[in-house]
Amino acid sequence: MIRIALTGSIGMGKSTVAAMFERCGVPVFDADAVVRCLQSPGGALVGKIGELFPGCVREGTLDRDCLAQIVLSDRARLSELEALVHPAVREARDEFVAEHQNANALLFEIPLLFETGGETDFDKVVVVSAPAEIQRARVLARHGMTEAKLVSILQRQMPDEEKRKRADFVVDTGTDLSTTETQVREILACLGVA
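Residues numbered from 1 in each chain as written. Predicted model: local features only at pLDDT ≥ 70, side-chain atom pairs only at ≥ 80, totals over all residues. Heavy atoms only, no water.

## Looking at the overall build of the chain
A tally of regular secondary structure across the chain gives 9 helices and 7 strands. Taking 194 residues into account, the globule formula puts the C-alpha radius of gyration at 16 Å, and the chain, at 17 Å, falls close to it. Each principal axis of the C-alpha distribution contributes one length, and for the chain these read about 50 × 40 × 25 Å. Looking at the chain as a whole, 43% of its 194 residues qualify as buried. If you take every contact in the chain between residues at least 6 apart in sequence, the share linking residues at least 24 apart comes to 72%. Accessible surface, the chain as shown: approximately 10100 Å² in total, 51% of it carbon and sulfur. Between the averaged position of the 22 positive side-chain charges in the chain and that of its 29 negative side-chain charges there is a distance of 2 Å. (Helix = DSSP H or I, 4+ residues; strand = E, 2+ residues; numbered from the N terminus. Rg over C-alpha atoms; globule rule 2.2 N^0.38 Å. Buried < 20%, exposed > 50% of the residue type's maximum accessible area, 1.4 Å probe, protein only. Contact = heavy atoms within 4.5 Å. Areas by Shrake-Rupley, 256 points an atom, 1.4 Å probe, with all protein chains shown as cover. Lys, Arg positive; Asp, Glu negative; His and termini not counted. Charge placed at Lys NZ, Arg CZ, Asp CG, Glu CD.)

Next up, the structure:
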């Protein structure tokens, strides 16, 4: 089984590319989706986050804006949150691997792969990339996103150029979807799992 990590900065098209891998028959683990589940009402981390960040959980529901205001401006508080979240995501990832142990390949969509030193857990790394102006337009089109939030997020992420250098494969999403999907199929063929 080949374990493939898919990463890239915000707005680069990771989810779109992950869906392409999935359509090609590769099971996909979405770390962000796991985090959303863990932080949703009734999620395993809601109570613990409420203890660590008083006022950010009201009536069992996490106020994501409240939490973001705290952690985006304070690296130490972000580290505290990560110390809760990362082990829970790793546990979910281990369960996913056990569930798909007979697959030829697995894809793990992990936005902060390089930033957390997680690339050593995988056989190959695919970086999703697009020109900066396309990335910016995509991100600023999101509900609730501001220029200041974007800048704050990008400051915590490794520059795209550095991610591209570290990748085994780069998928350019600054083009049409058909061309992007062709790149995904070429990667799978190269890995012998097409």
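## Remarks on helix 7 (residues 147-156)
Taken as a whole, helix 7 has its buried residues at Leu150, Ser152 and Ile153. The arc that holds the buried residues of helix 7, viewed along the axis, is 165°, so those residues lie on one side. Across helix 7 from its buried face, at more than 90 degrees, point the exposed residues Ala148 and Gln155. In this fold, the buried residues of helix 7 make contact with helix 6 (132-140). (Arc of directions from axis to C-beta.)

## Thoughts on the state of the cysteines
In this structure the tally under the stated criterion is 1 disulfide. The partner cysteine of Cys56 in its disulfide is Cys66, sulfur to sulfur 2.4 Å. Around the S-S axis, the bridge from Cys56 to Cys66 shows a dihedral of about -70° and counts as left-handed. With Cys56 in the loop between helix 3 (46-52) and strand 3 (57-58) and Cys66 in helix 4 (residues 64-71), the pair connects residues that are 10 residues apart, well separated along the chain. (Disulfide = S-S within 2.5 Å.)

## Side note on a negative patch on the surface
Judged by side-chain charge, Glu91, Asp94, Glu95 and Glu99 come together as a negatively charged surface patch. Within the secondary structure, Asp94 is located in helix 5 (residues 75-99). (Patch = residues over 30% accessible without salt bridge, like charges linked within 9 Å, V, L, I, M, F, W, Y side chains within 5 Å. Salt bridge = Lys/Arg side-chain N within 4 Å of Asp/Glu carboxyl O.)

## Comments concerning the layout of surface pockets
Volume-wise, the largest pocket comes out at about 1700 Å³. The wall of the largest pocket is formed by 48 residues, among which Asp32, Val35, Pro111, Leu112 and Arg156 lie closest to the centre. Listed by contribution, the elements that provide at least two residues to the lining of the largest pocket are helix 1 (14-23), strand 2 (28-30), helix 2 (31-39), helix 4, helix 5 and helix 7. For the lining of the largest pocket, the per-class residue count stands at 20 nonpolar, 14 polar and 14 charged. (1 Å grid on protein atoms, 1.4 Å probe; cavity = no way out; pocket = protein on both sides within 12 Å on 5 of 7 lines; lining within 4 Å. Points joined across faces, edges and corners; volume = space filled by probe spheres on them. Nonpolar A, V, L, I, M, F, W, Y, C, P; charged D, E, K, R; others polar.)

## Concerning unusual backbone geometry
A positive phi angle, close to 50°, is found at Glu59, a residue other than glycine. Position of Glu59 relative to the elements: it lies in the loop between strand 3 and strand 4 (61-62).

## A word on the sheet that holds strand 6 (residues 124-129)
In a beta sheet, neighbouring strands are held together by backbone hydrogen bonds and run either parallel or antiparallel to one another. Taken together, 5 strands build an open sheet; the order of strands is 2-5-1-6-7 and the sheet is parallel. Bordering the open sheet on either side are strand 2 and strand 7 (169-172), each of which pairs with just one other strand. Averaged over neighbouring strand pairs, the angle between their axes works out to 20° when direction is ignored. In terms of strand pairing, strand 1 (residues 2-7) meets strand 6 through 4 bridges, oriented parallel. Its bridge partner lying in strand 6, Thr7 is registered against Val127. Along the sheet, helix 2 makes contact with strand 2 and strand 5 (105-109), crossing strand 2 at roughly 50°. Each of strand 1, strand 2 and strand 5 touches helix 5; the most contacted strand, strand 5, lies at about 160° to it. (Pairing = 2+ DSSP bridges. Axes fitted to C-alpha atoms, helices over the stretch in contact; angles between N-to-C directions.)

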